There are 2 protein chains.
Amino acid sequence: MTVCQPQVSTCLNKELSVQPIPDVKTLDDFRQLLRSLPGPDAGAVDAAAAREPQLTKPPGALGRLEELSAWLCAWQGHHPPRLEKPACAVFAGNHGVAALGVSAFPAEVTVQMVHNFTHGGAAINQLCRTFGVALNVYALNLESPTADFTRAPAMDEAACVLAIKAGMAAVPEDCDVLCLGEMGIANTTAAAAVANALFGGDAAEWTGPGTGVSGQALSRKTEVVAQGVALHRPALTDGLEILRHLGGYELAAIVGAVVAARLARVPVLLDGFICTAAAAVLAPMRPDALDHCVVAHISAEPAHLRLAERLGKRPLFDLGMRLGEASGAVLAVGMLKAAVACHNGMATFAEAGVSDKE
Amino acid sequence: MTVCQPQVSTCLNKELSVQPIPDVKTLDDFRQLLRSLPGPDAGAVDAAAAREPQLTKPPGALGRLEELSAWLCAWQGHHPPRLEKPACAVFAGNHGVAALGVSAFPAEVTVQMVHNFTHGGAAINQLCRTFGVALNVYALNLESPTADFTRAPAMDEAACVLAIKAGMAAVPEDCDVLCLGEMGIANTTAAAAVANALFGGDAAEWTGPGTGVSGQALSRKTEVVAQGVALHRPALTDGLEILRHLGGYELAAIVGAVVAARLARVPVLLDGFICTAAAAVLAPMRPDALDHCVVAHISAEPAHLRLAERLGKRPLFDLGMRLGEASGAVLAVGMLKAAVACHNGMATFAEAGVSDKE
């Protein structure tokens with residue numbers, strides 16, 4: 001598989017220095033790795049909890065901003081939390097099912113949009129510039145889409161492992177939060193199939209308009225999802241097999257990045273439906289696998305909120321976005337920066353000479 | 001009335017150059033001014049609507065970010081929208097009803113917090129620094145609280161007009177969005193009374209914990225609100241009389257700032273319950289009076305969402321914040337910057353050579 005990495009882009013770290021990554025040759029190696037994920041840093045969490053009530057505000061008055069600074073401490077493994085070097089990885093892949101007419105856009109748009117990322121013209125470029133986020137874009141084997149999952153597994157094991165490893169290699173060495181996102185014509189179809197396989201129910205519950213299909217095209221898309229899940233059901237023995245049979249390169253890369261970030265003590269902001277569906281394959285394999293991840297926003301793709309709820313995640317905001325590209329995740333970086341600035345920078349009651357609650 | 005303005009603060013424009021403001025000597029002058037507010041700029045809105053579908057994304061995929069850039073165009077009166085000079089005005093006032101034990105904090109905290117703003121130690125200082133917002137804080141007559149509204153009108157007409165004018169003078173000459181906020185021990189009590197007088201119902205529907213009262217203290221607070229509304233009911237002939245009888249200096253200043261911003265073509269971000277309640281007095285006087293205002297967030301103060309709904313406003317996010325100080329409004333500046341960056345900076349389908357929807 002060709003992994004073109006990283007694409008030159010607006011806020012690119014041109015010479016990407018990555019975290020050292022464990023050797024993974026098979027899906028079983030990756031399953032083994034999942035057993036060794038570190039937990040939250042209790043000391044850092046305690047330090048945050050000790051400082052928070054001293055700050056010049058009524059207790060709890062910053063709401064989820066207070067939770068976010070504690071969460072950063074837990075998964076960065078230190079107090080005070082830091083938010084100086086946010087990074088973003090966007091993975092692009094093509095899908096065999098695109099040939100079935102499941103998207104409102106032609107498949108060549110994936111590679112065209114990667115060029116757009118490269119030249120700084122996409123939404124994610126503007127968002128990364130706005131919030132000072134270093135952007136890296138990974139074009140994964142765009143010339144060879146995954147197999148049409150209504151006929152065969154989307155990926156063989158070797159391709160799936162390579163894509164996971166591409167994601168594992170996408171965690172910059174020096175970053176304090178990682179935003180994950182994707183681009184891939186037809187990948188809401190893959191994500192719907194993955195979510196349907198993970199959480200059951202009808203295909204229609206998990207299938208939505210994506211870039212904008214409706215009517216007959218949406219019915220066709222739903223049928224494709226149902227066919228794929230039905231065809232592979234006997235082989236869907238765990239989250240990684242669901243990923244391999246129904247996912248895609250960019251979904252597999254997201255899974256790899258989520259795990260590598262955990263190992264590197266980098267908290268993760270998940271984006272919308274596709275990104276969350278990819279990460280979700282880890283949940284049945286290890287209940288705490290996504291504790292270092294926040295779902296940034298509720299996508300307008302109808303199944304995203306349901307998916308977040310199944311994962312016990314409460315997204316930070318809902319602006320009706322449905323673009324992917326990590327756009328919602330990067331928008332949430334502003335909230336994280338605000339949380340860290342308040343936690344670290346506010347005066348205490350004692351420092352400011354402000355009377356505490358009576 | 002002493003208006004100490006502006007306080008020196010982290011991101012302060014030390015020599016504040018303000019928009020020229022109309023001469024207002026009486027509440028009737030202000031009523032007259034309300035009749036002359038400008039409407040949205042149709043040409044700028046059309047220009048935004050013409051550009052938006054050309055940008056390299058599925059139509060509508062940026063959700064409310066697209067609405068926000070169109071809204072900025074409408075009320076800034078030009079296209080492209082600008083978000084380079086956001087400003088924030090925080091008004092502080094003291095309240096006679098504070099003596100009735102309606103707050104969890106003692107009344108001296110208002111002046112202490114103004115010092116904290118001045119020395120850069122409050123949440124709003126950190127938030128303004130994070131989002132590059134110029135902060136000005138106005139301490140309004142802190143040494144002389146408004147009258148206890150369970151016994152007399154909170155303000156006489158002269159004091160109310162002075163406070164409105166202080167707010168009108170707080171719109172910087174060169175700013176492209178204005179965040180409004182407040183600080184004032186006991187001012188959720190005033191805001192609850194204003195909202196109750198405006199929208200009816202029981203006092204309990206509009207009265208909440210504020211900085212953290214509960215149980216008997218909350219019952220007492222609710223009773224204070226009910227008493228004030230009942231006492232003054234015959235005199236509450238319009239929004240400005242509600243403001244004068246039940247509001248406070250900082251609420252009146254917010255009303256003045258909202259109107260002056262409209263005249264100066266500066267869109268406004270309203271903060272939480274108190275700020276929204278203050279602005280709400282304009283709604284019954286002129287149905288479109290708040291069209292240039294966005295309610296930034298849903299405060300955890302329970303009545304805020306109800307109040308926003310009565311105004312037909314859909315807040316941008318809900319992070320469970322309840323601090324005031326314009327904290328939610330300034331957090332929303334990140335979203336506005338993102339909206340403008342995408343609208344202005346993204347490539348069109350033609351520029352990027354990306355295939356449009358099939």
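Quick word on the overall build of chain A
Argument step 1. Scanning chain A from N- to C-terminus turns up 15 helices and six strands.
Argument step 2. Whereas a compact globule of 358 residues would reach a radius of gyration of roughly 21 Å, chain A reaches 20 Å, a difference of no more than 12%.
Argument step 3. Considered along the principal axes of its C-alpha atoms, chain A spans approximately 70 × 40 × 40 Å.
Argument step 4. Burial statistics for chain A: of 358 residues in total, 64% are counted as buried.

Here's the deal with the pairing of strand S4 (residues 177–183) of chain B
All names here are of chain B.
Argument step 1. With respect to burial, S4 is a largely interior element, seven of its seven residues being buried.
Argument step 2. By the bridge criterion, seven bridges tie strand S2 (residues 86–92) to S4 in an arrangement that is parallel. Bridge pairing in S4 links cysteine 88 to cysteine 179.
Argument step 3. As paired strands, S4 and strand S5 (residues 268–270) are joined by two bridges and run parallel to one another. Across the sheet, residue cysteine 179 finds its bridge partner in S5, namely leucine 269.

With respect to the interface of chain B and chain A
Argument step 1. Contacts between chain B and chain A engage 54 residues on the former and 54 residues on the latter.
Argument step 2. Taking both partners together, chain B and chain A bury about 4300 Å²; carbon and sulfur atoms supply 66% of that area.
Argument step 3. The tally of links from chain B across to chain A stands at zero salt bridges.
Argument step 4. At the junction of chain B with chain A, the criterion picks out 16 residue pairs in polar contact (both at pLDDT 80 or more).
Argument step 5. Of all elements in the fold, only helix H3 (64–76), helix H4 (109–118), helix H5 (123–131), helix H14 (327–345) and helix H15 (349–352) of chain B reach the threshold of two or more residues within the side of chain B that touches chain A.
Argument step 6. Counting residues per element, the side of chain B that touches chain A draws most heavily on H14(B), which supplies eight residues.
Argument step 7. The class makeup of the residues in the side of chain B that touches chain A is 29 nonpolar, 16 polar and nine charged.

So, the packing of H5(B) against H14(B)
All names here are of chain B.
Argument step 1. It is the contact of H5 with H14, at a shortest axis distance of 9 Å, that shows an interaxial angle of 10°. Comparing their axes, H14 and H5 come out roughly parallel. Side by side, H5 and H14 meet where Ile124, Leu127, Cys128 and Phe131 of the first sit next to Ser327, Val330, Leu331, Val333, Gly334 and Lys337 of the second.
Argument step 2. Taken together, the residues of the contact of H5 with H14 sort by class into seven nonpolar, two polar and one charged.

Concerning unusual backbone geometry
A negative phi holds for most residues other than glycine; trans holds for most peptide bonds.
Argument step 1. Note the cis peptide between A:His79 and A:Pro80, where omega equals 0°.
Argument step 2. Along the chain, the position of A:Pro80 falls in the loop between helix H3 (64–76) and strand S2 (86–92).
Argument step 3. With a phi close to 60°, A:Arg265 is a non-glycine residue in the positive phi region.
Argument step 4. For A:Arg265, a relative accessible area of 26% corresponds to the partly exposed category.
Argument step 5. Located in the positive-phi region is B:Asn141, a residue other than glycine, with phi close to 55°.

A short note on helix H6 (residues 157–168) of chain B
Argument step 1. With 12 residues, H6(B) extends 16 Å from end C-alpha to end C-alpha; this agrees with the ideal 16 Å at 1.5 Å per step.
Argument step 2. By the burial criterion, the buried members of H6(B) are B:Ala159, B:Cys160, B:Val161, B:Ala163, B:Ile164, B:Ala166, B:Gly167 and B:Met168.

Describing the relation of the copies chain B and chain A
Argument step 1. Superposing chain B onto chain A takes a rotation of 180° combined with a translation of 0.0 Å along the rotation axis, leaving an RMSD of 0.0 Å. Between the two chains, the operation in question is that of a two-fold axis.
Argument step 2. With an isologous cut-off of 70% or more, the 100% of interface residues of chain B that recur at the interface of chain A puts this contact in the isologous class.

Topic: the pattern of salt bridges
If the charged atoms of two oppositely charged side chains come close together, the side chains can form a pair.
Residues and elements named next belong to chain A.
Argument step 1. Tallied over the entire structure, the rule returns 28 salt bridges over all chains.
Argument step 2. Between aspartate 148 and arginine 151 there is a salt bridge, and its shortest N-O distance comes to 3.5 Å.
Argument step 3. In the salt-bridge network here, residues are joined through shared partners; they are Asp28, Arg31, Asp238, Glu241 and Arg244.

Description of the packing of aromatic side chains
Argument step 1. This model, assessed by the stated rule, comprises six aromatic pairs over all chains.
Argument step 2. Geometry around A:Trp206 places A:Arg306 over its ring, the cationic atom sitting 5.6 Å from the centre.

Focus: the side chain of A:Glu325
Residue and element names in this part refer to chain A.
Argument step 1. Note on placement: glutamate 325 falls in the loop between helix H13 (303–310) and helix H14 (327–345).
Argument step 2. Within polar-contact distance, the side chain of glutamate 325 engages the backbone nitrogen of isoleucine 124 at 3.2 Å.
Argument step 3. When residues no more than four places from it in sequence are discounted, the contact partners of glutamate 325 are Val90, Met113, Phe117, Ala122, Ala123, Ile124, Gly181, Glu182 and Asp271.

A closer look at the pairing of S2(B)
Residue and element names in this part refer to chain B.
Argument step 1. Summarising burial for S2: seven of the seven residues are buried, a large majority.
Argument step 2. Here S2 shows a buried face lined by Pro86, Cys88, Val90 and Ala92 and a second buried face lined by Ala87, Ala89 and Phe91.
Argument step 3. Where S2 and strand S3 (residues 134–140) come together, six bridges link them in parallel fashion. Residue pairing for S3: alanine 87 is matched across the bridge by alanine 134.

Considerations on the layout of surface pockets
Argument step 1. Empty space within the largest pocket amounts to approximately 350 Å³.
Argument step 2. Along the wall of the largest pocket there are 20 residues; nearest its centre are A:Phe317, A:Asp318, B:Ile298, B:Phe317 and B:Asp318.
Argument step 3. Of the residues contributing to the lining of the largest pocket, the split by class is 11 nonpolar, one polar and eight charged.
Argument step 4. Within this model, the second largest pocket holds a volume of roughly 240 Å³.
Argument step 5. Forming the boundary of the second largest pocket are 14 residues, of which B:Trp71, B:Asp291, B:Cys293, B:Val294 and B:Lys313 lie nearest the centre.
Argument step 6. Contributions of two or more residues to the lining of the second largest pocket are made by H3 and strand S6 (293–295) of chain B.

Description of the confidence of the model for chain A
When pLDDT is low, close inspection of the predicted coordinates is not appropriate.
Residue and element names in this part refer to chain A.
Argument step 1. Looking at chain A as a whole, the pLDDT averages 94, with 95% of positions reaching at least 70.
Argument step 2. Of the regions scoring below 50 in pLDDT, residues 4–14 engages in 35 contacts with residues more than four places distant in sequence or in other chains.
Argument step 3. Predicted complex metrics record ipTM = 0.95 and pTM = 0.95.

A short note on the packing of helix H1 (residues 27–34) of chain A against helix H6 (residues 157–168) of chain A
All names here are of chain A.
Argument step 1. Look at H1 against H6: their axes get within 9 Å of each other, and the N-to-C directions meet at 40°. Accordingly, the angle class assigned to the pair H1 and H6 is oblique. Together, Leu27, Asp28, Phe30 and Leu33 of H1 and Glu157, Cys160, Val161, Ile164 and Met168 of H6 make up the contact between the two elements.
Argument step 2. In the contact of H1 with H6, the residues fall into seven nonpolar, no polar and two charged.

Each value, and the rule that gives it
Residues numbered from 1 in each chain as written. Chains lettered and ligands numbered in written order. Predicted model: local features only at pLDDT ≥ 70, side-chain atom pairs only at ≥ 80, totals over all residues. Heavy atoms only, no water. Helix = DSSP H or I, 4+ residues; strand = E, 2+ residues; numbered from the N terminus. Rg over C-alpha atoms; globule rule 2.2 N^0.38 Å. Buried < 20%, exposed > 50% of the residue type's maximum accessible area, 1.4 Å probe, protein only. Pairing = 2+ DSSP bridges. Contact = heavy atoms within 4.5 Å. Buried area = accessible area lost by both parts, 1.4 Å probe. Salt bridge = Lys/Arg side-chain N within 4 Å of Asp/Glu carboxyl O. Polar contact = N/O pair within 3.5 Å; in protein donor to acceptor, adjacent residues only side chain to side chain. Nonpolar A, V, L, I, M, F, W, Y, C, P; charged D, E, K, R; others polar. Axes fitted to C-alpha atoms, helices over the stretch in contact; angles between N-to-C directions. Parallel < 35°, antiparallel > 145°, perpendicular 65-115°, else oblique. Expected span 1.5 Å × (residues − 1). Least-squares fit on C-alpha atoms with pLDDT ≥ 70 in both. Phe/Tyr/Trp six-rings, centres within 6.5 Å; stacked < 30°, edge-to-face > 60°. Lys NZ or Arg CZ within 6 Å of the ring centre and 35° of its normal. 1 Å grid on protein atoms, 1.4 Å probe; cavity = no way out; pocket = protein on both sides within 12 Å on 5 of 7 lines; lining within 4 Å. Points joined across faces, edges and corners; volume = space filled by probe spheres on them. pLDDT = per-residue confidence, 0-100.

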